[in-house]
Amino acid sequence: MSAAATGDRQAFERVYRAHAERVFSVCVRMLGDRVLAEEVTQDVFVRVWQKLPGFRGEAAFSTWLHRVAVNVILSRRKNLGIQHGRHAEEDTLEVTPSRPDSVSERLDLEEAIAGLPAGARRIFVLHDVEGFTHEEIGEQLGITTGGSKAQLHRARLLLRTALTR
Amino acid sequence: MTTTGSSVSHANDCAHFEAQLGAWLEHDLDASAQQWMTTHRHRCAACARLVADLETVIADASTLPPLTPPRDLWQGIEGRLDAPVIPIPSTFVGAPAGTPARQRTVTVRWFAIAATLLVAVSSVVTWQVARRGITGMTSSDSTGSNPAQVIARADTPASVGVPAGISPADSSAPRDVSLDIPSATGTTHVATGSPLPRNARRAGVTAVANDDADLLDVDVTYEREISALRHIVDERFGELDSGTVTVLRRNLEIIDQAIADSRTALARDPRSAVVSSQLDRALQAKLSLMRRVALL
């Protein structure tokens with residue numbers, strides 16, 4: 001990590017290899033668009049490269065990286081004004097899980113997440129998939145914790161409906 | 001508020017349960033409400049099923065496996081890190097001896113061009129805007145301020161980038177440009193390439209342009225620097241990812257629309273300080289965005 005922070009690109013490539021899947025996963029799930037997720041994953045690592053010298057090690061690197069990723073994703077979403085990923089369902093279905101032992105249920109859930117309205121999907125992924133608290137989500141998205149909770153419950157109900165259809 | 005099962009119908013209980021379910025799952029209910037929810041869940045099969053389904057969703061979400069990118073993205077990432085770079089010495093002042101120098105992703109070419117442009121634009125535009133604020137007011141008083149006349153004069157070559165006394169047809173005349181970029185004297189929109197509406201020139205600006213001491217008016221200065229930056233921006237567009245370029249183009253279009261709207265409004269009301277100020281802000285926004293793109 002320290003080597004990457006001082007400009008060692010080979011070291012940074014190792015950082016990429018170690019964390020690419022996790023970053024790509026959160027990109028796919030939050031954006032609901034696989035092609036866009038590839039672009040944003042690249043953006044995230046370029047951003048990480050730029051910010052690495054400022055990483056103080058106060059948090060675990062993976063936590064810090066994850067926050068950078070979420071910030072880049074939210075920034076991209078804001079810029080694009082994505083309302084709902086029209087191609088999200090088929091795009092997400094094309095993605096191959098790295099652990100193929102959970103296939104149909106996992107893909108059903110992935111598909112259902114991709115089909116959520118953007119706001120609900122964002123909060124569901126941040127809270128139930130990525131483990132952020134409502135306070136953290138509220139801070140990142142500029143919403144109240146109450147709003148985050150309401151959206152989360154809505155998302156869960158929508159997912160239940162989709163999965164039990 | 002807790003509702004007892006004996007006082008309301010079963011359906012109402014279920015509705016109440018569902019209404020409070022989100023808060024219950026987040027442990028936001030007080031003890032008595034929490035107890036009522038737990039009791040109802042055990043008595044009502046439908047509500048118990050609803051809770052079980054939601055708990056399954058929550059549990060499954062927390063254990064979703066990572067997804068593998070369908071292709072190796074490293075090459076694209078590395079390409080964006082890989083431009084020829086120059087170290088910036090000031091970055092390393094005070095760094096411990098032997099500390100490897102972190103390279104900045106600023107190319108020599110971009111750094112030189114962008115720095116020159118930023119200095120030129122900032123100084124000239126600031127000077128012109130400040131001067132227009134004074135001269136524009138003075139000139140509108142001293143010229144009698146017939147807006148129609150002023151606009152008509154604004155259509156003359158002097159107001160669109162050619163120094164006073166030099167005919168635009170005189171190709172041998174030296175151009176008064178600080179940066180020798182071919183289209184620097186052009187007056188087209190960066191995003192659309194369409195000509196700017198000449199009849200939207202501001203009265204105060206034209207008055208300034210007629211002053212021998214002021215060879216450039218504010219609009220021309222803006223357009224000149226925007227045109228110069230356009231070359232850099234166009235090249236950067238070829239290097240940035242398509243999503244970013246799409247966003248940037250859209251933003252430029254929006255700003256261009258604001259500029260066009262302001263020009264139209266200013267043509268109708270050439271002495272409006274509000275509209276003039278709005279046009280300045282829009283032009284500055286465009287310059288600011290283009291500078292950022294140049295430095296990306």
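For clarity, every value in this text was computed on a predicted model and none was experimentally measured.

Q: Report on the pattern of salt bridges, specifying residues and quantitative values.
A: All names here are of chain A. Under the counting rule described, the total for this entry stands at 13 salt bridges over all chains. A salt bridge links Arg67 to Glu136, with the nearest nitrogen and oxygen atoms 2.9 Å apart. With Arg67 in helix α4 (residues 61-80) and Glu136 in helix α8 (residues 134-141), this residue pair connects regions lying 69 residues apart in the sequence. A salt bridge links Arg156 to Asp128, with the nearest nitrogen and oxygen atoms 2.8 Å apart. On the criterion of sequence distance, the pair formed by Arg156 in helix α9 (residues 145-163) and Asp128 in helix α7 (residues 118-129) is long-range, its members being 28 residues apart. Neither residue differs from the other here; Arg156 and Asp128 are each classed as buried.

Q: Tell me about the interface of chain A and chain B, and please be specific about residues and values.
A: Each side of the interface is counted separately: chain A has 53 residues, and chain B has 43 residues. Taken together, both faces of the contact between chain A and chain B bury some 4,400 Å²; the carbon and sulfur share is 57%. Interface area lost by chain A to chain B is led by Arg9(A), Gln42(A) and Arg160(A), which between them contribute 16%. The tally of links from chain A across to chain B stands at six salt bridges. We note a salt bridge from Arg17(A) to Asp72(B), for which the minimum N-O separation is 2.9 Å. For the pair chain A and chain B, the number of links is 16 residue pairs in polar contact (both at pLDDT 80 or more). Sorting the residues of the side of chain A that touches chain B by element identifies α2 (9-31), α3 (34-51), α4, α6 (103-114), α7 and α9 of chain A as the ones contributing at least two each. Counting residues per element, the side of chain A that touches chain B draws most heavily on α2(A), which supplies 11 residues.

Q: I'd like to hear about the packing of α9(A) against helix α3 (residues 45-62) of chain B, residue by residue, with values.
A: For the pair α9(A) and α3(B), the least separation of the axes is 9 Å and the interaxial angle reads 100°. As judged from the angle between their axes, α9(A) and α3(B) are roughly perpendicular. Across from His153(A), Arg156(A), Leu157(A), Leu159(A), Arg160(A) and Leu163(A) in α9(A), the residues of α3(B) making contact are Arg49(B), Leu50(B), Asp53(B), Leu54(B), Val57(B) and Ile58(B).

Q: Quick one: what's the story with the environment of Ile77(B), residue by residue and with numbers?
A: Following the sequence through the fold, Ile77(B) ends up in helix α4 (residues 74-81). Judged by its relative accessible area of 0%, Ile77(B) falls in the buried class. Not counting residues up to four positions away in its chain, the partners in contact with Ile77(B) are Phe12(A), Tyr16(A), Gln42(A), Phe45(A) and Val46(A).

Q: I'd like a rundown of unusual backbone geometry, residues and numbers included.
A: Residues and elements named next belong to chain B. One non-glycine residue, His27, lies in positive phi territory at about 60°. Looking at where His27 falls in the secondary structure, it is placed in the loop between α1 (10-25) and α2 (31-43). Classification of His27 by relative accessible area gives exposed; the value is 63%.

Quick notes on the rules
- All residue numbers here refer to positions counted from 1 along the written sequence of the relevant chain.
- For naming, the first written chain is A and the first written ligand is 1, with later ones following in the order written.
- It should be noted that, the model being predicted, local features are given only for residues of pLDDT at least 70 and side-chain atom pairs only at 80 or more, the latter also being counted only at that level, while totals for whole chains, interfaces and linings use all residues.
- To get the side-chain values, all heavy atoms of the structure are used, and hydrogens and water are removed first.
- A pair is scored as a salt bridge if a Lys or Arg side-chain nitrogen falls within 4 Å of a carboxyl oxygen belonging to Asp or Glu.
- Counting from the N terminus, the helices are DSSP H or I runs at least four residues long and the strands are E runs at least two residues long.
- The buried label applies to any residue whose accessible area, calculated with a 1.4 Å probe on protein chains only, is under 20% of its type's maximum; exposed applies above 50%, and partly exposed to all values in between.
- Throughout, a contact is declared for two residues whenever any of their heavy atoms are within 4.5 Å.
- Put simply, buried area is how much 1.4 Å-probe accessible surface two parts lose in total, over both of them, once they are put together.
- The term polar contact refers here to a pair of N or O atoms within 3.5 Å; inside protein, the definition further demands a hydrogen-donor-capable atom paired with an acceptor-capable atom, and it admits residues adjacent in sequence only when both atoms are side-chain atoms.
- Fitting a line to C-alpha atoms yields each axis, with helices limited to the stretch in contact; the angle taken between N-to-C directions then spans 0 to 180 degrees.
- Roughly parallel refers to an angle under 35 degrees, roughly antiparallel to one over 145, roughly perpendicular to one between 65 and 115, and oblique to any angle outside these ranges.

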